[in-house]
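Residues per chain are reported as follows:
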Amino acid sequence: MSAFFNSIAEKWQRTWEEQKIFEANPDKRKDKFFITVPFPYTNSPMHIGHGRTYVTADIYARYMRMKGKNVLFPFAFQFTGTPILAVADGIRRGDKELIDSFVKIYNIPEEKLKELADPYKLAEYFKDDMEKSAKSLGLSVDWRRSFTTTDKRFSSLIQWQFKKLKEAGKLVIESDAVSYCPRDQFPVGMHDTKGDIEPEIDRLDVILFEGEYLFPVSTSRPETVFGGNGLAVNPEAEYVVAETNGKKYILSSDAFFKLSFQRDLKETDRMLGSELVGRKAINPVTLKEVEVIGSGLVNSNFGTGIVMLVPAHDPIHKAMIEQAGEEVDITPVIRSPDLPEVPTEDIEIANMAELKDYAETIYRTEFYKGVMREDIVDLVPDYMRQYVKERIAGRSVKEGRMAVVDLLKNLGRYDSIYEITNGPVFCRCGAQVVVKTLEKQWFIAYDDPEWKRSVLKSLDKVDIVPPEAKKEFEKVIFDLRKRVVGRSRGLGVKLPWDESQIIDSLSDSTLYTVFYTVSHLLKEANDKELDYIFLGLPAEVNDDIKKLREEFQYWYPIDVRSSGRDLVQNHLPYFIYNHLVIFGESGLPKEIVLNGFVRVGGKKMSKSFRNIYPLKKAIEEYGVDPVRVALTSTAEIYQDIEFNERLVTAIAEQLRRLFNTINYIIEIKREKKYDIYDKWLSSIIAKKVGEIDQAYKTFEFKKAMDEAIYSIYDAILDYLDMTESPSSDILKRVASAWIRMISPLVPHLAEELWSKSFTGLVVNQDFPKPEEFQVYPEAVLQVEYLKEVVNRIRELVNVVGKEPSKVVLYVSTDKQKMKIAIDACKAIQEGKSAKDFLSTYGGDVSAERIYNVVKSYEDDFRKYMVEVSDIDEVRILAENARYITSKLGIPQLAIYDAGDPTIPDMKERKGQALPLYPSILIL
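I will try to describe carefully the structure that is included in this document.

Quick notes on the rules
- Residues numbered from 1 in each chain as written.
- Predicted model: local features only at pLDDT ≥ 70, side-chain atom pairs only at ≥ 80, totals over all residues.
- Heavy atoms only, no water.
- Helix = DSSP H or I, 4+ residues; strand = E, 2+ residues; numbered from the N terminus.
- Buried < 20%, exposed > 50% of the residue type's maximum accessible area, 1.4 Å probe, protein only.
- Areas by Shrake-Rupley, 256 points an atom, 1.4 Å probe, with all protein chains shown as cover.
- Lys, Arg positive; Asp, Glu negative; His and termini not counted.
- Charge placed at Lys NZ, Arg CZ, Asp CG, Glu CD.
- Phe/Tyr/Trp six-rings, centres within 6.5 Å; stacked < 30°, edge-to-face > 60°.
- Lys NZ or Arg CZ within 6 Å of the ring centre and 35° of its normal.
- 1 Å grid on protein atoms, 1.4 Å probe; cavity = no way out; pocket = protein on both sides within 12 Å on 5 of 7 lines; lining within 4 Å.
- Points joined across faces, edges and corners; volume = space filled by probe spheres on them.
- Nonpolar A, V, L, I, M, F, W, Y, C, P; charged D, E, K, R; others polar.
- Pairing = 2+ DSSP bridges.
- Axes fitted to C-alpha atoms, helices over the stretch in contact; angles between N-to-C directions.
- Parallel < 35°, antiparallel > 145°, perpendicular 65-115°, else oblique.
- Contact = heavy atoms within 4.5 Å.
- Patch = residues over 30% accessible without salt bridge, like charges linked within 9 Å, V, L, I, M, F, W, Y side chains within 5 Å.
- Salt bridge = Lys/Arg side-chain N within 4 Å of Asp/Glu carboxyl O.
- Left-handed = near helix turned anticlockwise from the far one by under 90°.
- Expected span 1.5 Å × (residues − 1).

Things to note about the overall build of the protein chain
- Counting its secondary structure elements, the protein chain contains 32 helices and 30 strands.
- In terms of principal-axis extent, the alpha carbons of the protein chain reach across some 110 × 80 × 55 Å.
- Taking all 923 residues of the protein chain together, 58% fall into the buried category.
- About 39200 Å² of surface is accessible on the protein chain, with carbon and sulfur atoms providing 46% of the total.
- One way to put it: in the protein chain the 128 positive side-chain charges average out to a point 3 Å from where the 144 negative ones average out.

Remarks on the packing of aromatic side chains
- Per the counting criterion, the structure on display carries 47 aromatic pairs.
- Between Tyr-180 and Phe-261, the ring centres sit 5.9 Å apart and the planes meet at 50 degrees, which makes this aromatic pair tilted. Here Tyr-180, found in strand 3 (residues 171-181), pairs with Phe-261, found in the loop between helix 8 (253-259) and strand 10 (266-272); they are 81 residues apart in sequence, far enough to count as distant.
- Tyr-180 sits in the buried class, given a relative accessible area of 8%.
- Looking at Phe-261, the relative accessible area reads 16%, which means it is buried.
- These aromatic residues form a ring-pair network of at least three members: Phe-33, Tyr-60, Tyr-63, Tyr-696, Phe-699, Phe-701 and Phe-767.
- Looking at Arg-565, its charged tip hangs above the ring of Tyr-638, at a distance of 5.5 Å from the centre.

Digging into empty space enclosed by the protein
- Overall, the coordinates contain three cavities of 30 Å³ or more when judged by the stated rule.
- By volume, the largest cavity amounts to about 60 Å³.
- Lining the largest cavity are Ala-255, Lys-258, Leu-259, Gln-262, Gly-303, Ile-417, Tyr-418, Glu-419, Ile-420, Val-433, Val-434 and Val-435.
- Every element with two or more residues in the lining of the largest cavity is listed here: helix 8, strand 16 (414-420) and strand 17 (434-444).
- Tallying contributions element by element places strand 16 first for the lining of the largest cavity, with four residues.
- Taken together, the residues of the lining of the largest cavity sort by class into eight nonpolar, two polar and two charged.
- Space inside the second largest cavity adds up to approximately 40 Å³.
- Lining of the second largest cavity is provided by Gly-81, Thr-82, Asp-192, Arg-487, Arg-489, Gly-490, Leu-491, Ile-502, Ile-503, Asp-504 and Ser-505.

Concerning the pairing of strand 6 (residues 214-219)
- Burial within strand 6 is extensive, with six of its six residues counted as buried.
- Residues Leu-214, Pro-216 and Ser-218 point to one face of strand 6 and Phe-215, Val-217 and Thr-219 to the other, with burial holding for every one of them.
- What sits between the antiparallel neighbours strand 5 (residues 201-211) and strand 6 is a turn of two residues.

Some remarks on the sheet that holds strand 28 (residues 807-811)
- Strand order in the open sheet formed by three strands is 29-28-30, with mixed pairing between adjacent strands. Of all strands in the sheet, those bounded by a partner on one side alone are strand 29 (893-897) and strand 30 (919-922). Averaged over all pairs of adjacent strands, the angle between strand axes in this sheet comes to 20 degrees, irrespective of strand direction.
- Inspection of the sheet shows strand 28 paired to strand 29 by five bridges, in the parallel sense. Along strand 29, the bridge assignment pairs Leu-809 with Ile-895.

Considering the sheet that holds strand 26 (residues 603-604)
- One open sheet accounts for three strands, arranged 26-25-27; its pairing is mixed. What marks the edges here is a single partner per strand, and that holds for strand 26 and strand 27 (641-642).

Here's the deal with unusual backbone geometry
- Of note, the amide linkage connecting Gly-423 to Pro-424 takes the cis form, showing an omega dihedral of 0 degrees.
- Residue placement: Pro-424 occurs in the loop between strand 16 and strand 17.
- The residue after Val-465, namely Pro-466, is reached through a cis peptide bond having omega 0 degrees.
- The phi torsion at Gln-185 lies on the positive side, around 60 degrees, for a residue other than glycine.
- Assessed through its relative accessible area of 52%, Gln-185 is described here as exposed.
- Although it is not a glycine, Glu-908 adopts a positive phi angle of roughly 55 degrees.
- Tracing the backbone through its elements, the reader meets Glu-908 in the loop between strand 29 and strand 30.
- With relative accessibility at 64%, the residue Glu-908 sits in the exposed group.

Remarks on the packing of helix 22 (residues 676-697) against helix 26 (residues 777-800)
- Remark: helix 22 packs on helix 26, axes separated minimally by 8 Å, with the N-to-C direction vectors making an angle of 95 degrees. Taken together, the axes of helix 22 and helix 26 are roughly perpendicular relative to one another. On helix 26, the residues touching Ile-676, Tyr-677, Lys-679, Trp-680, Ser-683 and Ile-684 of helix 22 are Glu-778, Ala-779, Val-780, Gln-782, Val-783, Glu-784 and Lys-787.

Thoughts on a nonpolar patch on the surface
- Nonpolar side chains collect at one region of the surface, where Ile-282, Leu-287 and Tyr-383 lie side by side and expose about 300 Å² of accessible area between them.
- Mapped onto the elements, Tyr-383 comes out in helix 11 (residues 382-391).

Points about the pattern of salt bridges
- Applying the stated rule across the entire model yields 75 salt bridges.
- Between Glu-115 and Lys-112 there is a salt bridge, and its shortest N-O distance comes to 3.1 Å. Pair noted here: Glu-115 and Lys-112 are both in helix 5 (residues 110-115), with a separation of three residues, about one helical turn.
- The exposure class assigned to Glu-115 is partly exposed, which follows from its relative accessible area of 40%.
- Two residues, Glu-707 and Lys-688, come together in a salt bridge whose shortest N-O distance is 2.6 Å. Residue Glu-707 is located in helix 23 (residues 701-722), and its partner Lys-688 is located in helix 22; the two are separated by 19 residues in the primary sequence. Here the two residues Glu-707 and Lys-688 agree in accessibility, since each one is buried.
- Among the ionic contacts, a cluster of salt bridges with common partners joins Glu-23, Asp-142, Arg-144, Arg-145 and Glu-551.

A few points about the packing of helix 23 against helix 24 (residues 728-742)
- For the pair helix 23 and helix 24, interaxial distance at closest approach is 11 Å and the crossing angle is 170 degrees. As the angle between them shows, helix 23 and helix 24 are arranged roughly antiparallel. Taken as a pair, helix 23 and helix 24 cross one another with a handedness that is left-handed. Contacts between helix 23 and helix 24 pair Ala-708, Ile-709, Ile-712, Tyr-713, Ile-716 and Tyr-719 from the former with Ile-730, Leu-731, Val-734, Trp-738, Met-741 and Ile-742 from the latter.

Quick look at helix 1 (residues 2-18)
- An ideal rise of 1.5 Å per residue puts 24 Å on 17 residues; helix 1 measures up with 24 Å between its terminal C-alpha atoms.
- Inspection of helix 1 places Ser-2, Phe-4, Phe-5, Asn-6, Ile-8, Ala-9, Trp-12, Gln-13, Thr-15 and Trp-16 among the buried residues, and these make up the whole buried set.
- On its buried face, helix 1 is in contact with helix 2 (48-66), helix 6 (119-136), helix 19 (615-622), helix 20 (624-632), helix 21 (645-667) and helix 25 (747-755).
- Positive phi shows up at Lys-20, right after helix 1, with a value of about 50 degrees.

This is the structure:
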């Protein structure tokens, strides 16, 4: 089936390219619409995850073009940064996993791979491959504006941008902790790591227990030191005696390696953790002697590799003690209203994941609701008691924590270290990322309070889809640290005032969208000319530069920035920060749209899961248009989409049925006056056009797909079933609107269908309007009533479980009951409750049943019932008896007026008939 879809796609993609359909130029007669997506790193071929983001933007670009906008949808390629370098290095080193993925997943010949050890050749190869994939998706891109981030003109723009940031005081030279690759020896961010994980750096408190050596204990809960009655090490791990400033510390060898990037450490001895078991140390606050125990539950790769045991408040600590067969005093130091005196008492959880969850629950409860116990005063020596009594005992945990840190500092038993709290995180080269303190480095001051406040405030100027993602934006922006700018190696733009530093890829990709507006015309420009083009600052410029200014002014700002939701963690906030400081609020994107991930086999795509699905492979297997729908329209935009054979095959089959049906209805040649079925179809399509238009407008692509590809198809089948003489006039008008409505989703199929009966290209047509179809309320009432009766008969036949020989319908003709039904429609329209409605019909036992019947119908049905006031149910059923019998496959249908006393009351069903709800008897 894929051959059918792909042959059509290739045909129309050639046509669009030949006719330059998507080349966008300023046109003052039209409103502009500028939509962009983050450009991809060219370090591997496109997979279906890329496809979701790009097709999402393309659907909207096509929709807005049909709404009369002058649409610019550009595309470019990210060469800079370390991802490309890491892949080239991996190929050169013979990285088996990397090479296997390229050969077995992406079908790249091994001989070709050898050439790709050169990072520039690799970037160019995948750039060309990605462009082919993007074009094969049918993206409506203006390819004239494409560029790479090693383009000299682009480099000039980025250097100009950084000079502006520096002038604004947003670039600072400072010392700070950064995530760092110890092998490549440069700072790393999300796009430099395996799995695109942003390393999260936090400062951990360290308490120094004194013994033969200093035992530094990293903890997130220093306030529990009063109950710290033991230490734990991993007996299987190596530990190092490290010397600094004349003092000797015990650290795990992992911790020693990581901390050596934060301070000067000298190794003087090395031993197994088992050799530390049984040694003693002194709790610096209680002065109690505690013992070192061994536990395999200690993570020697986190913090210092030593754990302070607080068994009263951490169930994992209690488990460590029990597994080691040791006895340690349990001393509660925090009181919480929702927890026992000793929170860990009676805990026997074998599952470690559940134990961790419970430990986290205790932590959260105690932090937000806990109070430091008054009796901790009795745990400290006399000279500390006054301080503990006044500053800590009886205080909230939050207050107590700060006071304990101050106490430890006064005692000379406090330190702090940086740790990657979501680790381990690995650089693309394979090395574990560490935290390094960099001295006198250039940073972008994303932590500048004034800048941060203005960015948070500016979010009110940007529509975020879905709206609930705004809170995530706010949290990320609030937590942002300053970001180191430079890298010592990699592809990219050099800092204009320090050529030894290459601007990192997440810093050079914050303002690049302005380049799309001029990239097809710009030859070169100096800083003064860029000032004129992008900021309108006075300068002596030629006509070519003036034209570039006009292009920029016409297209900017961006109307929609469409992105995967993972970029909320870095790129998108940086994007807002940089636009705000250089262009002000007028330069901010009007809307940011976020889509979820694509999952394969129930998991997010990852090389480690071996579930990467190349986009090229998906298109070859299923066809372009089925893949477009499967990647964008089978879940809400912010949700993840599951991509599998069953799903895409079902979509492909439905699209083929749709194709055949539209081909069939445009061939029908029958002129006639509209009957009730034609009027019903006209009314239904008018409603569907409005609903689908709104769904596209609000990025509800799943709803657009359900209505355009399935619901209208079902309505056409119902129409053809109901009428013996379909109207060519209504069907051709429906076909025209239907093809235009599916065009943003399945543009190639739509183009093929349009060419069979209409002139021009569907891509150039207007999106349909509801006014193209007249609404006939009475026709809607009659047909929707008829369909409801058919569905009820079908359900009852299924319940009975036998083939009926005859179906009897008793139809209510009681005028008083019909009035109740009309009143119920009005009440529901007005938002009245059932109780309020029924209070006016207290004496009529059938009123509640009638209300429930009316409520089961659609809103439009109730609205039209109020307008029309009555329908002749007997006539509707009698005139459509053929349709009912053929639709249900029943041999005989009898329709009776339930109010006629001469009609026999079989099985006492006559009295059960209600308005809009015939009583049904299966014989």
